[in-house]
Amino acid sequence: MRVLVWRCWAPLPAGGGAGRRPSPQWRSLAGLGGSPGGEDSRGARVRKKPPWRVLFFGTDQFAREALRALHAARENKEEELIEKLEVVTVPSPSPKGLPVKQYAVQSQLPVYEWPDVGSGEYDVGVVASFGRLLSEALILKFPYGILNVHPSCLPRWRGPAPIIHTVLHGDTITGVTIMQIRPKRFDVGPILRQETIAVPPKSTAKELEAVLSRLGANMLISVLKNLPESLNNGRQQPAEGVTHAPKISAGNSCIQWEKQTSEEIFRLYRAIGNIIPLQTLWMDHTIKLLDLVEVNSSVLADPKLTRQAFIPGSIIYHKQSQILLVCCKDGWIGVRSVMLKKTLTATDFYNGYLHPWHQRNSQAHPRQCRFQTLRLPTKKQGRKIVAMQQYIK
């Protein structure tokens, strides 16, 4: 897939405000204020140039790509960018572990399980999709602080699920930000590098994640090649344009047929469908909608749809295309398969459930046999779903 990349750089203002340099405290910690070969607060010599000693914090596939790039740089003896690379990840219920741990073990990198962060000396930390709060004390152990690879153009989509919200809200432009973590506050640190790309039309969050992970990995290596200069030229985030990307909960997957347009439903499907299927209610049964498709104009011209008025949630089986047509706020969506006890094609669902119901209830109004909004119990709705991206800044 080819994407266009624009660099988002602006000249630093001469005065303070949005263009301020790092504070003296952080310049000192980064080895930017003293003479070459100075010492940090622990008495260790602060390196002024590569190779760096790096401690990486990460969990998922997005983070794995950043770790892969760091490992490749470590293996490249000619360039001498990374001298030491160790990894911190979080516990996983899966016996295989999370993608970052799998890659670290495969590559024979030292791995620590949070909150264990090892006891070695490092120059800089790198965080990508870690999902745990890093304390000020931990951040201050790194002479160059901790960098974060964040898949959005900050300050847009601060929070743990930026890629999901990019797709969910129909953004046409997104990107990656390399920023420096600040203690106590999330996603507010100075921007060291930021690049934007056009969001590929109709891409899923998973597909967009793959694009952004490669972009972010390349940007990270570029920053590390000129780390002191990158830190010294960091720019504060603008106060305007701040949006938040909270975690996704089970309640987000419940379609509201009367309120949501077909475009909104498809964006929701592309944003979270690979994490949690969209859900609805049919005859007191929870139905998961597994495979959604757009409805073409020839199907919409079917007399079944044009000769009468339908209310949101109404279901029509379209035999020619073998899909379920479901009416929403402004039109129709198509469903190829559902889950009700087990996975069923649209044809199976029609033959096993819809058609028998209409035969048994021939005098009933069709609106009695429609999808309705599922109302989850408060406790279940409040339970957070682990998203593809959990970023700690």
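Refer to the structure presented above.
For the structure given in this document, a descriptive report is provided here. (Residues numbered from 1 in each chain as written. Predicted model: local features only at pLDDT ≥ 70, side-chain atom pairs only at ≥ 80, totals over all residues. Heavy atoms only, no water.)

1. Overview of the pattern of salt bridges
Step number 1: Applying the stated criterion to the full structure yields 12 salt bridges.
Step number 2: Close ionic contact of Arg47 with Glu83 constitutes a salt bridge, the shortest N to O distance being 3.1 Å. Here Glu83 lies in strand E3 (residues 82–89) and Arg47 lies in the loop between helix H1 (24–29) and strand E2 (52–58), a separation of 36 residues in the sequence.
Step number 3: Residue classification places Glu83 among the partly exposed residues on the basis of a relative accessible area of 43%.
Step number 4: In this structure, Asp171 and Arg156 form a salt bridge, with 2.9 Å as the shortest nitrogen-oxygen distance. Placement of Asp171 in the loop between helix H5 (162–168) and strand E7 (173–180) and of Arg156 in the loop between strand E6 (146–150) and H5 is noted, with a sequence separation of 15 residues between them.
Step number 5: Judged by its relative accessible area of 13%, Asp171 falls in the buried class.
Step number 6: A single salt-bridge network, built from bridges that share partners, covers Arg53, Glu121 and Asp123. (Salt bridge = Lys/Arg side-chain N within 4 Å of Asp/Glu carboxyl O. Helix = DSSP H or I, 4+ residues; strand = E, 2+ residues; numbered from the N terminus. Buried < 20%, exposed > 50% of the residue type's maximum accessible area, 1.4 Å probe, protein only.)

2. Thoughts on the packing of aromatic side chains
Step number 1: Scanning all chains against the criterion turns up 12 aromatic pairs.
Step number 2: The interplanar angle of 25° and the centroid separation of 6.0 Å between the aromatic rings of Trp257 and Phe371 together place this pair among those described as stacked. Taken together, the residues span a long stretch of sequence, with Trp257 in the loop between helix H7 (227–232) and helix H8 (262–272) and Phe371 in the loop between helix H11 (346–360) and helix H12 (378–382) at a distance of 114 residues. Of the two residues, Trp257 and Phe371, neither departs from the other in class, the shared state being buried.
Step number 3: Through a chain of ring-to-ring contacts, the aromatic side chains of Phe57, Trp114, Tyr122, Phe130 and Phe142 assemble into a single cluster.
Step number 4: One Lys or Arg, Lys84, reaches over the ring of Tyr122 and ends 4.6 Å from the middle of that ring. (Phe/Tyr/Trp six-rings, centres within 6.5 Å; stacked < 30°, edge-to-face > 60°. Lys NZ or Arg CZ within 6 Å of the ring centre and 35° of its normal.)

3. Here we look at the pairing of E3
Step number 1: Taking burial as the measure, the 8 residues of E3 include 6 buried ones, the bulk of the element.
Step number 2: Between the parallel elements E3 and strand E4 (residues 111–113), the chain passes through helix H3 (residues 99–106) in a crossover that is right-handed. (Right-handed = clockwise from strand over helix to strand, strands pointing away.)

4. Some points on unusual backbone geometry
Glycine aside, negative phi is the norm for most residues, and most peptide bonds take the trans geometry.
Step number 1: The amide bond that connects Pro50 to the next residue, Pro51, takes the cis arrangement and shows omega of 10°.
Step number 2: With respect to the helices and strands, Pro51 occurs in the loop between H1 and E2.
Step number 3: The linkage connecting Leu154 with the following residue, Pro155, adopts the cis geometry, with an omega of 15°.
Step number 4: Checked against the element boundaries, Pro155 lands in the loop between E6 and H5.
Step number 5: A positive phi is found at Ser129, a non-glycine position, where the angle reads about 50°.
Step number 6: Looking at the secondary structure, you find Ser129 in the loop between strand E5 (124–128) and helix H4 (136–139).
Step number 7: A relative accessible area of 0% places Ser129 in the buried class.
Step number 8: Phi at Gln322 takes a positive value of approximately 55°, unusual for a residue other than glycine.

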